[in-house]
Amino acid sequence: MAAPRFRGGLTQVERSDEELCRGIAEHDADAFEIMVDRHQARAYRLAYSMLGNEADARDVSQDAFIRLCEAAGKFDGRSRFSTWFYRILVNLCIDHQRRNRWWRRLAPLTSPGEDPDDRGYDPPSEEPGPEGDAMLSQSIGKLRPALDKLSPQQRAAVLLQTQEGFTSREIAAVLKCSENTARVHVHRGIMQLRKLLQND
Amino acid sequence: MAAYHPETELVPYLRGGLSAEERSQVERHLEQCSQCRQSMESAGAMLSRIAHAVDEVRAPDWTQYRIELRRKMRAVEAGRVDAAGRWRLAGFGWPSIAMSAAAAAILGIAIMMHHGVGLPAPGVDQLQMPQEMSDADVGLLANYRVVEHLDLLENYDVIEHLDELAPGDRRNHETSS
């Protein structure tokens, strides 16, 4: 049951994301403000995790809210609002990275032809990994370059899994792929991160 | 050792995202495969590390963030209004051009009808008919026998006053010529 909240002396039942989205479609400015309040931190954090840059994360997450405002009428309610909204956000992040690819080419992070998504079967390592509780104490800064080396789909899948707690089906809905492909993205992303951080 | 390793199911297994059937399959596999158990532990540790890193992302100044967002919204709205304005102008422009063209065409036709400019040249048959009619008007056919003996170029006066000739005069004229 939705929790009541106090605003301007009146008791209001907290509106669901789906209700707010319908309100936004009908040009309800309050609904938009509440929606931004509710999602701005998560949207910014995901954009930052995807892009690794504060200014870009701010721009892209703001653009996602603008798109939300423009496309609210198209939300049909068949999926969860968060799935729909994060699809907008992730697509904007991926587009942003594509537009800036020329810059990345100047300082390539992966060898030519080494697309992480193109790799074949990667069996589990026989050797014990360096991961464990000790990993948590390692510098967070080291994770950023490793995340940057993942493909955009892998990065999005791993971040949606860890940050948003999305299921494979929801990740698949955001990335517009099959559930199996979404699981493969998560698995390969994590394997890749393990390899890259092995020597840390 | 099992030939199949349910690698892609390990994270969903950890996160509780598998169906009951898939979950029991993975559990059975994990009981006999130390390699996958180790892989799952590594994946779990990595997920925790990422979650921890993500939690440490420094939040921006939200007031500034919202000011920027509102500014962008206004710019988008203004852009939409501009675009709509341009579209209305464009919509206004097309009928104007069409109406001007139609008016010019009507004016042109009116001028041509008045001055006969540009009308197509009549065909041969059309030229013959008025000529025959003018022949009948001057009575040349009725006095064909007189006309037949005239040099038309030299005796134009005679032809012009042919009706004034009396029948007797015609006969005299016939005999004299």
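Residues numbered from 1 in each chain as written. Chains lettered and ligands numbered in written order. Predicted model: local features only at pLDDT ≥ 70, side-chain atom pairs only at ≥ 80, totals over all residues.

Turning to unusual backbone geometry, a few remarks are in order. All names here are of chain A. Within the chain, H27 stands out as a residue other than glycine whose phi angle is a positive 65°. As for its placement among the helices and strands, H27 is situated in the loop between α1 (17–25) and α2 (29–51). Positive phi, close to 55°, is recorded for K176, a residue that is not glycine. Within the secondary structure layout, K176 lies in the loop between α9 (168–175) and α10 (179–196). (Helix = DSSP H or I, 4+ residues; strand = E, 2+ residues; numbered from the N terminus.)

It is worth spelling out the interface of chain B and chain A at this point. At the interface, 35 residues of chain B touch 37 residues of chain A. When contributions to the side of chain B that touches chain A are tallied by element, the ones reaching two or more residues are α1 (7–15), α3 (34–55) and α4 (62–115) of chain B. Of the residues contributing to the side of chain B that touches chain A, the split by class is 19 nonpolar, nine polar and seven charged. (Contact = placed C-beta atoms within 7 Å. Nonpolar A, V, L, I, M, F, W, Y, C, P; charged D, E, K, R; others polar.)

Residue and element names in this part refer to chain A. Within the largest apolar cluster, 61 residues are counted, with the highest numbers of intra-cluster contacts made by I24, A47 and L89. Considering each element in turn, this core owes the most residues, twelve residues, to α2. In contact with I24, other than residues within four places in its own chain, are A31, F32, M35, L68, C69 and A72. (Core = buried A, V, L, I, M, F, W, Y, C linked by C-beta atoms within 7 Å. Buried ≥ 20, exposed ≤ 12 C-beta atoms within 10 Å, placed from the backbone.)

Moving on to the confidence of the model for chain A. Residues and elements named next belong to chain A. Mean pLDDT for chain A: 80, with 72% of residues reaching 70 or above. Across chain A, helix α3 (residues 54–71) holds the top mean pLDDT of 95, while helix α6 (residues 133–136) sits lowest at 47. In the predicted structure, residues 6–11 sits below a pLDDT of 50 and forms three contacts with residues beyond four places in sequence or in another chain. (pLDDT = per-residue confidence, 0-100.)

So, about the confidence of the model for chain B. All names here are of chain B. Averaged over chain B, the pLDDT score is 72; the fraction of residues at 70 or greater is 52%. Averaged pLDDT values over the elements of chain B bottom out at 47 in helix α5 (residues 124–137) and peak at 93 in helix α2 (residues 20–32). Overall, residues 87–93 carries pLDDT values under 50, and its contacts beyond four positions in sequence, including any with other chains, amount to zero contacts. Predicted as a complex, the structure gets a pTM of 0.63 and an ipTM equal to 0.75.

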